[in-house]
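Secondary and tertiary structure notes
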Amino acid sequence: MVIILAPWRRLPHDLAPAVRPRLEETVREIVDAVTATSPAFSAISDPKFERDVRTAVTVALERFLDLAGTDEPALPPRSREVFASLGAAEAREERGPDALLAALRTASRLMLRKFSEALAELRPVSAAELIDLSDAVTAFVDELSAGSTEGYGRQLREQAGEGDRRRRQFAELLLRGGTAESVVGAAATTIGWPPPEEIVPVLLPLDQARDARFRYGSEGIVVERSRDAVLLLRSSPAPDALHGRGAVVGPPLSWDRTPEGVRLTELTAELVGTGAEPVFVEEHLATLALRGEPAALAVLAARRLAPLQHLRPTQRDRLLDTLHSWLLHWGARNEVAAELFVHPQTVSYRLKLLRELLGGTLDDPQRRFELLLVLSSR
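About the criteria used
- Residues numbered from 1 in each chain as written.
- Predicted model: local features only at pLDDT ≥ 70, side-chain atom pairs only at ≥ 80, totals over all residues.
- Heavy atoms only, no water.
- Core = buried A, V, L, I, M, F, W, Y, C linked by side-chain atoms within 4.5 Å.
- Buried < 20%, exposed > 50% of the residue type's maximum accessible area, 1.4 Å probe, protein only.
- Contact = heavy atoms within 4.5 Å.
- Salt bridge = Lys/Arg side-chain N within 4 Å of Asp/Glu carboxyl O.
- Helix = DSSP H or I, 4+ residues; strand = E, 2+ residues; numbered from the N terminus.
- Axes fitted to C-alpha atoms, helices over the stretch in contact; angles between N-to-C directions.
- Parallel < 35°, antiparallel > 145°, perpendicular 65-115°, else oblique.
- Nonpolar A, V, L, I, M, F, W, Y, C, P; charged D, E, K, R; others polar.
- Phe/Tyr/Trp six-rings, centres within 6.5 Å; stacked < 30°, edge-to-face > 60°.

In summary, soluble globular proteins display a tendency toward joint burial of nonpolar side chains. Judged by nonpolar contacts, the single largest core of 52 residues is most densely connected at F170, L264, L323 and L354. When near neighbours in sequence (up to four residues on either side) are disregarded, L354 contacts L308, L319, L323, G359 and L362. Counting residues in each nonpolar core, the second largest holds 43 residues, with L11, A16, V31 and A118 among its members.

With that settled, consider the pattern of salt bridges. Enumeration over the complete set of coordinates arrives at 32 salt bridges. Salt-bridge contacts for D211 lead to R215; the nearest nitrogen and oxygen are separated by 3.3 Å. With D211 and R215 both in helix α9 (residues 209–216) and four residues apart, this pair spans about one turn of that helix. Looking at D211, the relative accessible area reads 25%, which means it is partly exposed. Between E266 and R225 there is a salt bridge; the shortest N-O distance is 2.8 Å. In this pair, E266 is assigned in helix α10 (residues 258–272) and R225 in the loop between β2 (220–224) and β3 (228–233), connecting sequence segments 41 residues apart. For R225, a relative accessible area of 30% corresponds to the partly exposed category. Shared partners join several salt bridges into a network, and the residues in it are E25, E29, K114 and E117.

Let's shift gears to the packing of helix α7 (residues 127–176) against α10. Two numbers describe how α7 lies on α10: the axes approach to 6 Å, and their chain directions differ by 80 degrees. Viewed along their axes, α7 and α10 adopt a mutual orientation that is roughly perpendicular. Packed against α7, whose contacting residues are L174, L175 and R176, the element α10 presents T258, P259 and V262 at the interface. Considered class by class, the residues forming the contact of α7 with α10 number four nonpolar, one polar and one charged.

With that settled, consider the packing of aromatic side chains. For the structure on display, the rule yields five aromatic pairs. Relative to F140, the ring of W8 has its centre 6.4 Å away and its plane inclined at 90 degrees; by these criteria the two rings are edge-to-face. In this pair, W8 is assigned in the segment before α1 (15–19) and F140 in helix α7, connecting sequence segments 132 residues apart. Here W8 and F140 have matching classes, each one buried. Taken together, a centroid distance of 5.1 Å and an interplanar angle of 50 degrees make the contact between F41 and F49 tilted. A residue is classified by how much of its surface remains accessible, and F49, at 13% relative accessible area, is buried.

Here it is as structure tokens:
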């Protein structure tokens, strides 16, 4: 059986006495080197960062000297936490781990050089001693890297958990409704969203929740429920992205009407079911309105009459009255004129304006029916 000793077991007994008198100078040189050679670190002006680096280098060098001639583990828990904290700080500052690992490699080279020079000033140093010293420094810095990487990963997991909590909290505010705009805006900011204008709810089977989280990332929030999942988006998704996922896509509504949007999506799912192609609530608003769903009628009215919103109220009302009569009388101009007590030419003028505003909608039987449904409810 081969027993593998810690590489610092073979370090010369006089290493610590040779290095300790110049320890402060060595710490300073390593701190200067690791900050100067890394663009990410040299741009940091926070004095705390330099103090943290100095503390870490001091802890590392003193620990390495204490290890000489022993079989102890490289880092006791307290020392390891120093480097875990450095890694965690990099994650909090949204810097990758590469800069910190490169700094540790720089520190490794300087440690080997400074320790070799310190020994050489006392006595001749053999090649075997230099090899042992190199092995020990490399193994020790590997442990430092492992500690910092562990702290980096731990911080990322904590941030991800906190991010998930904030996203759930924001989703609950939207789904519950009745929340002040300032509260919703502040909650949106915590997850990296601008204050929302519109929200599009998408109903998905539960087994699609994980894929939706991955697919939409920070652009969407997935809320799992007992029988399904709700994906909340800031804009309507591309149909191709939902192919084969059993999705029902709700109407884009202002954020404060998210509960209405979800309800309409649920009703549509009950009405038409789901399949390979996504179902869009917008295509079934008329059916929902005929079934007595006031929210569907309100959304349908907003969609179909949107081109007239910019008009003065009196002009808008006259045009809508004319359009309603025109639809009821199947386009008979004289009958419309008689009902509204206006000249037939006035009817023609108003219809010309309506065609300019509504375009081909007036030639589409489905759209004409939806307009009649909306106007009959006024």
